[in-house]
Each structure stands twice: as C-alpha cells, then as structure tokens.
Amino acid sequence: MEMTECINFLLTQAQQKVFKYLKSELEPINVTPVQYGVLQCLWNEGSQTPKQIATVLGLDSSTITGILDRLENKELITRNTYIGDRRTINVELTEKGSELREPISKIVEDVNVEVLKPFSSEEINQLKSVLKRI
C-alpha cells in the first residue's frame, strides 16, 4: 500500500493542517489547541480533577500535568486540594479563564467553518459520522 493511501497518514495529514490553523488563530490569545481543550472541559463541566480532564481529552497524566502548569502560569486556572481529601486536586477556572470562553469559542467556530467550507452539509455530516466511528 502506498503511504499516501494509508488511513493513518491521511488522518495525520488532515489533523496537522487543522491543528496548525487553529493554533495560529489562537496565538493572539496565548492559548494552544490543547489548552483550549482543557478550558472547554472546565467551561462545560466546572471544577474537575486532572484525571477527569485527561480522560475526556485522551491524554495521559504526565501530559495533563504540564498543560495545567502552563495554564496556571497564565493565571487561567487554579489547582486546589479537595477539602475532604487533600490527595484529590480540583482544577478550577479563574475569572481570567472564564472570560476567554466567548472569544475562544468564536475562534473555534470560525476555524470549523473555514476548514469545512469546501464540503456540503451532507459531506460534513458524513465526515463527522465516519470519524466518530473510527
């Protein structure tokens, strides 16, 4: 099989292009696509443990720790120990992190529209359906 016909190659190429575009659009806000994923988890669900966030994003614990460190340094999140169990850490949004929801959501929406512009509504639905099945 030609490498350019391999599903892994095709998915990686598509993902890299979309990631690069989203990254460039988020750059003025000083947030990466992965950091956006963490923020989105917190915007949707509120306070969560690092493990809960990592599970949603499909990341391992060592990766999520570094991402949380960077978000905390940017003052977008805080990590607090749970009152009932000091071993449990909860990640919470700061006011600054909460305020980014609207501008980042707009950027993500615009990126989705732009990336999917060449496709019909039916093709978009089919693409999403196929990707979810994978």
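Residues numbered from 1 in each chain as written. Predicted model: local features only at pLDDT ≥ 70, side-chain atom pairs only at ≥ 80, totals over all residues. Heavy atoms only, no water.

Per an unreviewed UniProt entry, the protein chain carries the name Transcriptional regulator and comes from Desulfosporosinus orientis.

Okay, the nonpolar core next. If you look at the biggest cluster of nonpolar residues, it comprises 23 residues, and the most contacted ones within it are V38, L39 and I104. The dominant element in this core, judged by the number of residues it contributes, is helix α2 (residues 33-45), at six residues. The residues touching V38, leaving out its near neighbours within four places in the chain, are I53, L57, I64, I67, L68 and L71. (Core = buried A, V, L, I, M, F, W, Y, C linked by side-chain atoms within 4.5 Å. Buried < 20%, exposed > 50% of the residue type's maximum accessible area, 1.4 Å probe, protein only. Helix = DSSP H or I, 4+ residues; strand = E, 2+ residues; numbered from the N terminus. Contact = heavy atoms within 4.5 Å.)

The feature "domain: HTH marR-type" (unreviewed entry), as annotated in UniProt, sits at residues 4-134 in this numbering. Helix makes up 67% of residues 4-134 and strand 11%, with an end-to-end C-alpha separation of 19 Å. (UniProt positions renumbered as here; feature names shortened; annotations may be inferred.)

With that settled, consider the pattern of salt bridges. Here the structure, examined in full by the defined rule, presents four salt bridges. Close ionic contact of R79 with D69 constitutes a salt bridge, the shortest N to O distance being 2.4 Å. Taken together, the positions of R79 in strand β1 (residues 77-82) and D69 in helix α4 (residues 61-73) put the pair ten residues apart, joining distant regions of the chain. Since its relative accessible area comes to 33%, D69 is described here as partly exposed. Here K106 and D110 are joined by a salt bridge, their closest N and O atoms 2.9 Å apart. Pair noted here: K106 and D110 are both in helix α6 (residues 101-116), with a separation of four residues, about one helical turn. A relative accessible area of 37% means that D110 is categorised as partly exposed. (Salt bridge = Lys/Arg side-chain N within 4 Å of Asp/Glu carboxyl O.)

The N-to-C vectors of helix α1 (residues 7-26) and α2 enclose an angle of 75°; their axes lie 9 Å apart at closest approach. The pairing of α1 with α2 is recorded here as roughly perpendicular in orientation. Between α1 and α2, the residues in contact are F19, L22, K23 and L26 and P33, V34 and Y36, respectively. For the contact of α1 with α2, the residue count by class is six nonpolar, no polar and one charged. (Axes fitted to C-alpha atoms, helices over the stretch in contact; angles between N-to-C directions. Parallel < 35°, antiparallel > 145°, perpendicular 65-115°, else oblique. Nonpolar A, V, L, I, M, F, W, Y, C, P; charged D, E, K, R; others polar.)

A cluster of nonpolar side chains, contributed by I7, L10, L11, F119, L127, V130, L131 and I134, occupies part of the molecular surface with about 690 Å² of accessible area. Listed by contribution, the elements that provide at least two residues to the nonpolar patch are α1 and α7 (121-133). Structurally, L10 is set in helix α1. You can call L10 partly exposed: its relative accessible area is 40%. (Patch = residues over 30% accessible without salt bridge, like charges linked within 9 Å, V, L, I, M, F, W, Y side chains within 5 Å. Areas by Shrake-Rupley, 256 points an atom, 1.4 Å probe, with all protein chains shown as cover.)

Looking now at the side chain of K74. Note that K74 resides in the loop between α4 and β1. One buried charge, K74, has no salt-bridge partner; the nearest side chain with opposite charge is E27, at 11 Å. In this structure, K74 is in contact with N30, V31, Q35 and K96, ignoring residues within four places of it in sequence. (Lys, Arg positive; Asp, Glu negative; His and termini not counted.)

Take the packing of α2 against helix α3 (residues 50-57) next. The contact between α2 and α3 brings their axes to 10 Å, and the two run at 115°. Where α2 crosses over α3, the two elements pack in a sense that is right-handed. Within the contact between the two elements, α2 uses V34, G37, V38, C41 and L42 and α3 uses I53, V56 and L57. Here the residues of the contact of α2 with α3 are counted per class, giving seven nonpolar, one polar and no charged. (Left-handed = near helix turned anticlockwise from the far one by under 90°.)

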